[in-house]
Amino acid sequence: MRPEHRERARIEAATRVVDRHVASLRPPEEVGLEALVNDTLYHERRRLERERGGDPRSAEDSAFYHRIQKRLRHASARDLREMLDQIALRFASEIVGNFDDRVYKLSTTVVPTGLSVLLTAMSPGKLGSLSSLRHGLSDHVQIQGTVDHVRKLLDKGTLVVVPTHSSHLDSIVLGYAVHLMGLPPLLYGAGLNLFKNPVTSFFMNNLGAYRVDRKKTTGLYKEVLKEYATVALELDYNNLFFPGGTRSRSGAVEQKLKRGLLGTAVRAYVGNLQSRRDKPNLYVVPCTISYKLGLEAETLIDDYLKEVGKNRYIIEDDEFSRPRQVLNFMSNLVSLDSRVVITFSRPLDVVGNYVDEEGRSLDPRGRVVDAASYVSDGGAPVHDAQRDEEYTNELSSAIAREFLRDNLAMSTHVVGYALLDMIQRENPDMDLYRLLRTGGRSPSVTASDLATETERVVGALRRSAKGPRMSDELARDPKAIVDDALRAFASYHTHPAAVRRGDRVFHENRNLLLYYGNRLKGYDLGRNLSRAEGATAEPAGARA
Amino acid sequence: MTRDECIGVIGAGNWGTTLAKVLGDNDKRTLLWARRDDLCREINETRQNSKYLPGFSLGPSVEATSDLERICKSTSLLIAVVPSHTMRETARELGNHVNGEHVIVHATKGIEQGTFKRMSEVLREETCVRKIGVISGPNLAKELAARQPAGTLVASRYDEVFERAHAALHNDYFRV
């Protein structure tokens, strides 16, 4: 956020939240206020206990809450309100991000070229020619879909870009893609852990990322965070939210989306209408980011498979925290002529209707609808928490549908799915977890069988009405698809998912097969494959 | 909520006419939609729907019309009561006139032939309306028209839908 807006957004976010609480209190006011201050103190103290011995910020927080606690004993309603204001402002101050034009220019011009130079220096043999160096990163970031449509909407309102999330690289790659499209930078929330990575923290701090501390569990903090996003949208900052909330652990395209930040879109829209802004409309642009290889695939799928991992929301020690690993990944990305493919889906309004190029909402039959009518009561725009929550649910379903439709199936996904499916069918008596651990009766399958299975999976995907898009390499013959996937697996992972030896393909890291194959979840592949065989039953061993 | 003085009932069959009668008993201004002009004329002139609800008179606040657009402009609360096999066609027509502020409560039993979709799904697919609900209960039209005590349920994801349906239909013989 630009310096001229930072203070306004900080004060506005904190004040609105506290005002809302105070307005909802029943008399005597001090009882409710004290409960809210105490609740916040409780959650913050618990957090600080968990983080004991952490950074200097934790010590400052401890001292701050200690002072609040001391004042709490003899506080009047006015004192309590003041304490709440202080806490909310403290949260808002931490959240508010910065934007530095100079850093943005540096990152979008020098960094991609610099990265290519760096990659060449690391592995000169892998970069085929000098031309690939000249083109830099832009050669490997492919943007497709409704690019022109999105550009046109920029003149008509504020954008909320909502991408799939499978890597910490997403925000960087997407930020670069937005630059290539000629759009202004997006404001986005990044986990505090990202600010700890020395390579990226400088850019996070200066490219418009605001800080999201997912360890803060108090309701007041979450409200201030959401209100900050709302104010930013009202100030016409195009935003980026990851609606999945965190990176997809399983590798699948997100279908259960978090409604918290997403709900700020409808809230900001009502605010815009009420304040009679010239361009009150908000446009939600779903976008899928597809990688042939997953930078953090091994850590993520391990985390997914661990029972305890389901609660380990924030991973601070994954591949992204190791600069050499990131560079190795990027090097392979370039040398393999692989691409990150970003697909922009059809833009939506805040209740999930499609929007045309003029920025008008369309009903399911393509008729123009007045979007403001959804949030109006007798013609006047009004906030209605329950209604808006349901609108956000509708929006969320529409985004999930677009994710499935525009997800890009690649060779690694198809071969990962096909190979694991073959292993499962060969070992019908084993549950998935045992199979992943042991590999079943045979460590390998024949390359020709895998090619046949790959062909069947590609065929079933093409028949699916829900999507996905198919990458160019899937138009090749099945053997070439298998070769392409195996080459990619071998290029980056310490323990490749599968390797070819002679005429056989050995499944060496089945967790990774599951991770890549899961990208094709949601298309009823099991059923479609069974239908193709004329069978009625699902293949043995349901997928996790 | 008493935002709208007027309520639209889409469909003047047995159940639609009965619900219009309940609304009339509640003194709510009601526009009852029938596709056929002759049926509208009969209702407006005789206060009766002799084909679908013979023997019962509709209150003076009920007016029949075949003009869907007029209904949609007059009210934002619509009660859709057409047979399930004509719901899609009617909803598509309705879709030309409604906006996001409209609320539709349907009282049609059954699912769509062929697609097996619920009526609320059909309404969702054919109109821009989001605030959709359903009214259903162990109700018989003749008993309700005779003001025999009955209860029914309104379900929706939107609080506004059941609040407004309740405000329109609930009375001392019909508990919503």
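Residues numbered from 1 in each chain as written. Chains lettered and ligands numbered in written order. Predicted model: local features only at pLDDT ≥ 70, side-chain atom pairs only at ≥ 80, totals over all residues. Heavy atoms only, no water.

### Some words on the overall build of chain A
When its secondary structure is counted, chain A shows 20 helices and 17 strands. In chain A, buried positions account for 56% of the 544 residues. Within chain A, residue pairs in contact and separated by at least 24 positions form 77% of the contacts whose partners lie at least 6 positions apart. Here chain A has roughly 23200 Å² of accessible surface; of this, 51% comes from carbon and sulfur atoms. (Helix = DSSP H or I, 4+ residues; strand = E, 2+ residues; numbered from the N terminus. Buried < 20%, exposed > 50% of the residue type's maximum accessible area, 1.4 Å probe, protein only. Contact = heavy atoms within 4.5 Å. Areas by Shrake-Rupley, 256 points an atom, 1.4 Å probe, with all protein chains shown as cover.)

### Looking at the interface of chain A and chain B
The interface is formed by 19 residues belonging to chain A together with 18 residues belonging to chain B. Across the interface of chain A and chain B, roughly 1700 Å² is buried in total on both sides, 41% from carbon and sulfur atoms. Of all residues in chain A, Arg365, Arg367 and Glu394 of chain A bury the most surface against chain B, accounting for 30% of the area lost on that side. Applying the counting rule to chain A against chain B returns three salt bridges. Between chain A and chain B we count 15 residue pairs in polar contact (both at pLDDT 80 or more) in total. Elements represented by at least two residues in the side of chain A that touches chain B include exactly strand S11 (376-377) and helix H14 (385-406) of chain A. Among the elements that line the side of chain A that touches chain B, the one with the most residues is H14 of chain A, at five residues. A per-class count over the side of chain A that touches chain B returns five nonpolar, seven polar and seven charged. (Buried area = accessible area lost by both parts, 1.4 Å probe. Salt bridge = Lys/Arg side-chain N within 4 Å of Asp/Glu carboxyl O. Polar contact = N/O pair within 3.5 Å; in protein donor to acceptor, adjacent residues only side chain to side chain. Nonpolar A, V, L, I, M, F, W, Y, C, P; charged D, E, K, R; others polar.)

### Let's talk about the sheet that holds strand S4 (residues 209-212) of chain A
Residue and element names in this part refer to chain A. If you trace the seven strands from one edge of the open sheet to the other, you get S1-S7-S6-S2-S5-S3-S4, paired in mixed fashion. At either margin of the open sheet sits one strand with a lone partner, and together these are strand S1 (141-145) and S4. Inspection of the sheet shows strand S3 (residues 187-191) paired to strand S5 (residues 239-240) by two bridges, in the parallel sense. From the neighbouring strand, Tyr188 faces S5, where its bridge partner is Leu240. Lying over the sheet, helix H8 (residues 169-180) contacts S1, strand S2 (158-163), S3, S5, strand S6 (282-291) and strand S7 (340-344), oriented at roughly 120° with respect to S6. (Pairing = 2+ DSSP bridges. Axes fitted to C-alpha atoms, helices over the stretch in contact; angles between N-to-C directions.)

### Structural notes on the packing of helix H2 (residues 29-50) of chain A against helix H3 (residues 56-72) of chain A
Residue and element names in this part refer to chain A. It is the contact of H2 with H3, at a shortest axis distance of 11 Å, that shows an interaxial angle of 150°. The angle between H2 and H3 falls in the class roughly antiparallel. In this structure, H2 crosses over H3, and the sense of that crossing is left-handed. Only Ser58, Asp61, Ser62, Tyr65, His66, Ile68, Gln69 and Leu72 of H3 make contact with H2, whose side of the interface consists of Glu34, Val37, Asn38, Leu41, Glu44, Arg45, Arg47 and Leu48. Of the residues belonging to the contact of H2 with H3, the class tally is six nonpolar, five polar and five charged. (Parallel < 35°, antiparallel > 145°, perpendicular 65-115°, else oblique. Left-handed = near helix turned anticlockwise from the far one by under 90°.)

### Considering unusual backbone geometry
The general pattern is negative phi for most residues beyond glycine and trans for most peptide bonds. All names here are of chain A. In this chain, Pro27 is followed by Pro28 through a cis amide linkage whose omega measures -5°. Tracing the sequence through the fold places Pro28 in the loop between helix H1 (3-24) and H2. The omega torsion of the bond from Gly467 to Pro468 falls at 0°, within 30 degrees of zero and hence cis. Looking at where Pro468 falls in the secondary structure, it is placed in the loop between helix H17 (447-463) and strand S15 (469-470).

### Some details on the confidence of the model for chain A
Residues and elements named next belong to chain A. Looking at chain A as a whole, the pLDDT averages 84, with 81% of positions reaching at least 70. Within chain A, no element has a lower average pLDDT than helix H6 (residues 130-135), which sits at 44, and none a higher one than strand S8 (residues 354-355), at 98. Every residue in residues 308-314 is under pLDDT 50, and counting partners more than four places away or in other chains gives 15 contacts. Contacts of residues 535-542 to residues separated by more than four positions or lying in other chains number 14 contacts, the stretch itself having pLDDT below 50. (pLDDT = per-residue confidence, 0-100.)

### Description of the side chain of Thr246 of chain A
Residues and elements named next belong to chain A. Structurally, the position occupied by Thr246 is in the loop between S5 and helix H11 (264-274). When its relative accessible area of 15% is taken as the criterion, Thr246 is described as buried. Polar side-chain contacts of Thr246 include one of 3.2 Å to the side chain of Arg249.

### A short note on the pairing of strand S17 (residues 504-507) of chain A
If a strand is regular, its side chains alternate between the two faces of the sheet. Residue and element names in this part refer to chain A. By the bridge criterion, three bridges tie strand S14 (residues 444-446) to S17 in an arrangement that is antiparallel. If you follow Val445 over to S17, its bridge partner there is Val505. Judged from the four bridges that link them, strand S16 (residues 498-501) and S17 form a sheet pairing that is antiparallel. Along S17, the bridge assignment pairs Arg501 with Arg504. Once S16 ends, the chain turns through two residues before running back antiparallel as S17, passing Gly502 with a positive phi of about 65°.

### Section: the side chain of Arg88 of chain B
On the secondary structure map, Arg88 of chain B appears in helix H4 (residues 84-94). Accessibility expressed as a relative area gives 17% for Arg88 of chain B, which makes it buried. A distance of 2.9 Å separates the side chain of Arg88 of chain B from the side chain of Glu125 of chain B, its partner in a polar contact. If we ignore the near neighbours within four places in the chain, the residues touching Arg88 of chain B are Arg365 of chain A together with Glu112, Lys117, Val122, Glu125 and Glu126 of chain B.

### Observations regarding helix H18 (residues 478-492) of chain A
Residue and element names in this part refer to chain A. Look at H18: 22 Å from first C-alpha to last across 15 residues, which is about the 21 Å you get at 1.5 Å a residue. Every buried residue of H18 is accounted for by Pro478, Ala480, Ile481, Val482, Asp484, Ala485, Leu486, Ala488, Phe489 and Tyr492. At the N-terminal boundary of H18, the capping side chain belongs to Asp477, with an oxygen 3.1 Å from the backbone nitrogen of Lys479. (Expected span 1.5 Å × (residues − 1).)

### Points about the pattern of salt bridges
Scanning the model with the defined rule gives 55 salt bridges over all chains in all. A salt bridge links Arg441 of chain A to Asp429 of chain A, with the nearest nitrogen and oxygen atoms 2.7 Å apart. Residue Arg441 of chain A is located in the loop between helix H16 (432-438) and S14, and its partner Asp429 of chain A is located in the loop between helix H15 (411-426) and H16; the two are separated by 12 residues in the primary sequence. A single burial state applies to Arg441 of chain A and to Asp429 of chain A, both of which are exposed. Of the charged contacts, one joins Lys117 of chain B and Glu125 of chain B as a salt bridge, the two residues approaching to 2.5 Å between their closest N and O atoms. Residue classification places Glu125 of chain B among the partly exposed positions, given a relative accessible area of 27%. Look at the salt bridges and you will find they share partners, linking Glu44, Arg47, Asp61, Arg90, Glu94, Asp213 and Lys216 of chain A into a network.

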